Number of protein chains: 2
Amino acid sequence: MSDLLERLRGRGWRMTAQRRVVAEVLDGDHVHLTADEVHARAVERLPEISRATVYNTLGELVTLGEVLEVSTDRRAKRYDPNAHRPHHHLVCARCGAIRDVHPTGDPLGDLPATERFGFTISDVEVTYRGVCPNCVSA
Amino acid sequence: MSDLLERLRGRGWRMTAQRRVVAEVLDGDHVHLTADEVHARAVERLPEISRATVYNTLGELVTLGEVLEVSTDRRAKRYDPNAHRPHHHLVCARCGAIRDVHPTGDPLGDLPATERFGFTISDVEVTYRGVCPNCVSA
DNA sequence: GACTTGACTTAGACAATGTCCATTGTAGGA
DNA sequence: TCCTACAATGGACATTGTCTAAGTCAAGTC
């Protein structure tokens, strides 16, 4: 994650204790925290950090392209630090667990021109839904 | 839409003025209204209808499989009456316009076993994002 | 047609998530 | 060290959705 901090500093991002903590909380694979979860973990390290700052910082990281917003459920947005490796998501319908997945195939190529309605398409998002091993056996 | 009303009645769905209005509002192709939009249109025909009833009715239609819930943006859920023909969605990033699309290809088959993490997958949701012709020229 | 009953509807309180703003604080350059 | 622009704070507000208690009504029965 020091990578991320370095990159951000190099891009002129003003470094503060709050921003550092938010970036650190987002480190790792298969991390998909909600803003509130990020806030909760950030508070453990920096008790005074406010909700608004967490929202602001997450929004900035998304704008900078360092973090992706993911909406796998219909509740809170989740934040995925794995922004530099394109991937899709697999979600457990019971417990909400999320895994990053890398399907073969080309969904964009699968959409014929007649089905594009004149849109200029820039992105495809694929969400697989199912039940995870834990929930199946439970 | 009388089809839908007939089907519902046949399934023992108690018919009320409110439910009829909600079902009628949802009629058509490329219809993807939010609960609030459904409520607004329902109020035009039945001024006393309450928000709670619209939410309840939409929830029931989803449970019955007559309407799909769609989350194309991160704001409100949208309701898609075209539940009997499988399809995906194409969304304009600027104005939010939504079209139903039918890609070729098999996204489920494109996910290798090694990428399934033991999940039992039941559904795939694909959302194409881009800019619609209106917004491009504007 | 009137009665009955359980399902439906209502209004409003409440909850969860997110945004905005005025004020206060501070990182980093001069 | 001092300045200044940018960041953080906290609390009000907005949006979307859920819940509940009380009233209302659709549809079956007589």
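Residues numbered from 1 in each chain as written. Chains lettered and ligands numbered in written order. Predicted model: local features only at pLDDT ≥ 70, side-chain atom pairs only at ≥ 80, totals over all residues. Heavy atoms only, no water.

Here we take up the relation of the copies chain B and chain A. Two copies of the chain are present, and they differ by a rotation about an axis and a shift along that axis. For the match of chain B to chain A, the screw axis carries a shift of 0.0 Å, the RMSD comes to 0.1 Å, and the turn is 179°. On this basis, the relationship between the two copies can be described by a two-fold rotation axis. Distance from the rotation axis, computed per C-alpha, reaches its smallest value in chain B at V126 of chain B: 2.3 Å. The residues that chain B uses at the interface reappear at the interface of chain A in 100% of cases, marking a shared surface. (Least-squares fit on C-alpha atoms with pLDDT ≥ 70 in both. Contact = heavy atoms within 4.5 Å.)

Within the UniProt annotation, "binding site: Zn(2+)" (unreviewed entry) is assigned to C92, C95, C132 and C135 of chain A. Judged by maximum C-alpha separation, these annotated positions cover 44 residues in sequence but sit close together in space, the widest gap being only 8.2 Å. Along the chain, the position of C92 of chain A falls in strand β4 (residues 88-92). By relative accessible area, C92 of chain A is classed as buried at 2%. In contact with C92 of chain A, other than residues within four places in its own chain, are A97, G130, V131, C132 and C135 of chain A together with F119 of chain B. (UniProt positions renumbered as here; feature names shortened; annotations may be inferred. Helix = DSSP H or I, 4+ residues; strand = E, 2+ residues; numbered from the N terminus. Buried < 20%, exposed > 50% of the residue type's maximum accessible area, 1.4 Å probe, protein only.)

Contacts between the two partners involve 41 residues from chain B, matched on the other side by 41 residues from chain A. Around 3,300 Å² of area is buried between chain B and chain A when both sides are counted, 57% of it from carbon and sulfur atoms. At the junction of chain B with chain A, the criterion picks out 2 salt bridges. Two residues, R129 of chain B and E125 of chain A, come together in a salt bridge whose shortest N-O distance is 3.1 Å. At the boundary of chain B and chain A, one finds 16 residue pairs in polar contact (both at pLDDT 80 or more). Listing elements by their share of the side of chain B that touches chain A, those giving two or more residues are β4 (88-92), β5 (98-101), β6 (120-131) and α5 (133-137) of chain B. Among the elements that make up the side of chain B that touches chain A, the one with the highest residue count is β6 of chain B (12 residues). (Buried area = accessible area lost by both parts, 1.4 Å probe. Salt bridge = Lys/Arg side-chain N within 4 Å of Asp/Glu carboxyl O. Polar contact = N/O pair within 3.5 Å; in protein donor to acceptor, adjacent residues only side chain to side chain.)

All names here are of chain B. Those residues of helix α3 (residues 35-45) that sit buried are A35, V38, H39 and A42. Buried residues in α3, looked at end-on, bunch into an arc of 100°, giving them a common side. Taken together, the buried residues of α3 touch α2 (17-25), β1 (33-34), α4 (51-63) and β3 (78-80). (Arc of directions from axis to C-beta.)

This next bit is on the protein's contact with DNA strand C. Surveying the vicinity of DNA strand C reveals 19 residues, the closest of which are R14 and K77 of chain A together with T16, S50 and T53 of chain B. Sugar and phosphate atoms represent 68% of those atoms of DNA strand C found within 4 Å of the protein. Note that a phosphate oxygen of DNA strand C is positioned 2.8 Å from one of the backbone N or O atoms of K77 of chain A. A distance of 3.0 Å separates a phosphate oxygen of DNA strand C from a polar atom in the side chain of R19 of chain B. Of all the secondary-structure elements, those providing two or more residues to the surface near DNA strand C are α4 (51-63) of chain A together with α2 and α4 of chain B. Here the residues of the surface near DNA strand C sort into 7 nonpolar, 4 polar and 8 charged. (Near = heavy atom within 4 Å. Nonpolar A, V, L, I, M, F, W, Y, C, P; charged D, E, K, R; others polar.)

Residues and elements named next belong to chain B. Tallied over the entire structure, the rule returns 0 disulfides over all chains. We note that C95 lacks a disulfide partner, and the nearest cysteine sulfur, in C92, lies 3.7 Å from it. Considering cysteine sulfurs only, C135 is the nearest to C132, which forms no disulfide, with 3.7 Å between them. With a relative accessible area of 4%, C132 lands in the buried category. (Disulfide = S-S within 2.5 Å.)

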